[in-house]
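What follows is the residue order along each chain.
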Amino acid sequence: MFGNRRKNAGAGAGDAVLLVAPPAQAGDEALNQALVAAAGSDVVALQASQVTDKALRDARAVVALFPEPEALDQLAPRVKAARASRDDGWPVLVVGLAPGQLTAFGAWLTRNAPADGIDGLRLVVDADPLAVAAALEDRLAPVIGPNVVAMPVSTEVETADYKYFYCLSPQLRGLLAHLAELAANGIERVYLLGGPGSGKTSLAYYFYLARAQGNFVTVNLTSESTDDKAAMKSLLCGHVAGAFPGAGSRTGAFAHSREGVCFLDESHGVSGSVMEVLMEALDSGQYLPYGASAKQPLRCAVVFASNRTWDTLISQVNLDEHARLGAVILHLADLSVRQEDLIAVLAATLAGMGSKATSWQPPAGLTDEAWALIRDCPWRGNTRALMRVAETAFVSAATERLPLIEADQVARAMNLWEPAEHASHAIYTRAGDSGLGDAAPG
């Protein structure tokens, strides 16, 4: 449902931009001029019900300014249908939101993500319509590939519960497209760099979806690593019955992955016995289960991940050994430089908290000042930290019966979960800097 689509982007696209806005904004001459300047083309003001299939055939974008969820319910399916019929990445649906609308938008986003109902979505958050117009030019490019990746809540236990990894930013969609190409062209060693909570597991899972075979198996090398080579061989390669007193047979991570993906997270912990086991498998493409007499072929792809910079990694390891780990190194930029993904995570988190409230009236969103703090934060903890900050600030605002989350509540939550100064900041890869220069897409 969320796979890549090959498109001939740029072919046959019309120039018109359709504006769906409240009456006060739709008739604002300064706004209309700013929209025309940003779009470089005509801007046609319509109501949501007037955005027809015919109008969408010649449009690059629908700009929905401060929309209610009901308007998006009308627009999104039509945009999706038009995109499918045109197959050129247009039209895009650019949604401009005020910070105070984020909770309701998050509920709409959460409701529509499972059915891929946010195809072609781009986001801007600002209470000033002129600021939304100024951001429009960067959001009129065709949207190629998925906007969301569906992942089971547990990737290794059968479950009907899914979580959704939002991929609205061009940086992240480009990285997904690159991973799909790697899978299609037989690349079986990938090294992912990204800060804590940036989405490395989700990218590894998308690589598994693109391969469309086998199982997805995760091993956290830092938490599982021991100096006991036999234990590491058992974990990764498995062991046979009788390999040690009382042992039954065990399928290791490599065999359980089959032709899928074995995801080795926190691989800055690769050293000693872990490296010895990996070298045996990666050098020859085969491995020996502990206690067995015959080797087994390594059929799975192996994806490594680390939250360290490349300079930090290579300063801590034997470079000849480390060179066996990856054919391709990819860097996942921080959430702070993927603002549209940040908006989606923030909105969905607020909506999730609001959906559980019984005696509270959920805050409708954030004040402009609170949003500015969120927008300008470096988010070294990425999605994980953003969610904790949003949840903490939500609870504070809800218990104080405030209609919007205020700046001081966000600031207090940031002191807890996203402190400005911390010793760990020096070792993590962050923002767009992996230590690889331009060598790592994303």
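As annotated in an unreviewed UniProt entry, the protein is Sigma 54-interacting transcriptional regulator from Spectribacter acetivorans.

Enquirer: Help me out: how do you make sense of the sheet that holds strand β14 (residues 328–332) in this one?
Expert: Strand pairing in a sheet takes place through backbone hydrogen bonds and is either antiparallel or parallel in direction. Spatially, β9-β10-β13-β8-β14 is the arrangement adopted by the 5 strands of the open sheet, whose pairing is parallel. Two strands close off the open sheet at either side, each with one partner strand: β9 (216–220) and β14. Adjacent strand axes in the sheet meet at a mean angle of 20 degrees when their direction is disregarded. Relative to β14, strand β8 (residues 189–194) runs parallel, the two being bridged by 5 bridges.

Enquirer: Is there a simple way to explain the nonpolar core in this structure?
Expert: One recurring pattern in soluble globular proteins: nonpolar side chains tend to sit buried together. In this structure, Phe-105, Leu-121 and Ile-374 are the most contacted members of the largest nonpolar core, which totals 58 residues. With 9 residues, the top contributor of residues to this core is helix α15 (residues 339–356). Those residues in contact with Leu-121 that sit more than four places away from it in its chain are Leu-93, Val-95, Phe-105, Trp-108, Leu-109, Asn-147 and Leu-168. The next biggest cluster of nonpolar side chains, apart from the first, holds 28 residues, and it includes Leu-179, Leu-203, Tyr-205 and Tyr-208.

Enquirer: In this structure, what is going on with helix α7 (residues 170–184)? I would like to understand it.
Expert: In an α-helix, one full turn covers 3.6 residues, which means residues spaced three or four apart are oriented alike. For α7, spanning 15 residues, the distance from its first C-alpha to its last is 21 Å, which sits close to the expected 21 Å at 1.5 Å a residue. For α7, the set of buried residues is Leu-172, Arg-173, Leu-175, Leu-176, Leu-179, Ala-180, Leu-182 and Ala-183. Looking at the residues trailing α7, positive phi occurs at Gly-186, about 75 degrees.

Enquirer: How do you make sense of the packing of aromatic side chains when you look at a structure like this?
Expert: How two aromatic rings sit relative to each other is given by the distance of their centres and the angle of their planes. For the structure shown, the criterion picks out 7 aromatic pairs. For the ring pair Tyr-191 and Phe-304, a centre distance of 5.9 Å and an interplane angle of 25 degrees mean the geometry is stacked. With Tyr-191 in strand β8 and Phe-304 in strand β13 (residues 301–306), the pair connects residues that are 113 residues apart, well separated along the chain. By the burial criterion, Tyr-191 is buried, and Phe-304 matches it.

Conventions we followed
Residues numbered from 1 in each chain as written. Predicted model: local features only at pLDDT ≥ 70, side-chain atom pairs only at ≥ 80, totals over all residues. Heavy atoms only, no water. Pairing = 2+ DSSP bridges. Helix = DSSP H or I, 4+ residues; strand = E, 2+ residues; numbered from the N terminus. Axes fitted to C-alpha atoms, helices over the stretch in contact; angles between N-to-C directions. Core = buried A, V, L, I, M, F, W, Y, C linked by side-chain atoms within 4.5 Å. Buried < 20%, exposed > 50% of the residue type's maximum accessible area, 1.4 Å probe, protein only. Contact = heavy atoms within 4.5 Å. Expected span 1.5 Å × (residues − 1). Phe/Tyr/Trp six-rings, centres within 6.5 Å; stacked < 30°, edge-to-face > 60°.

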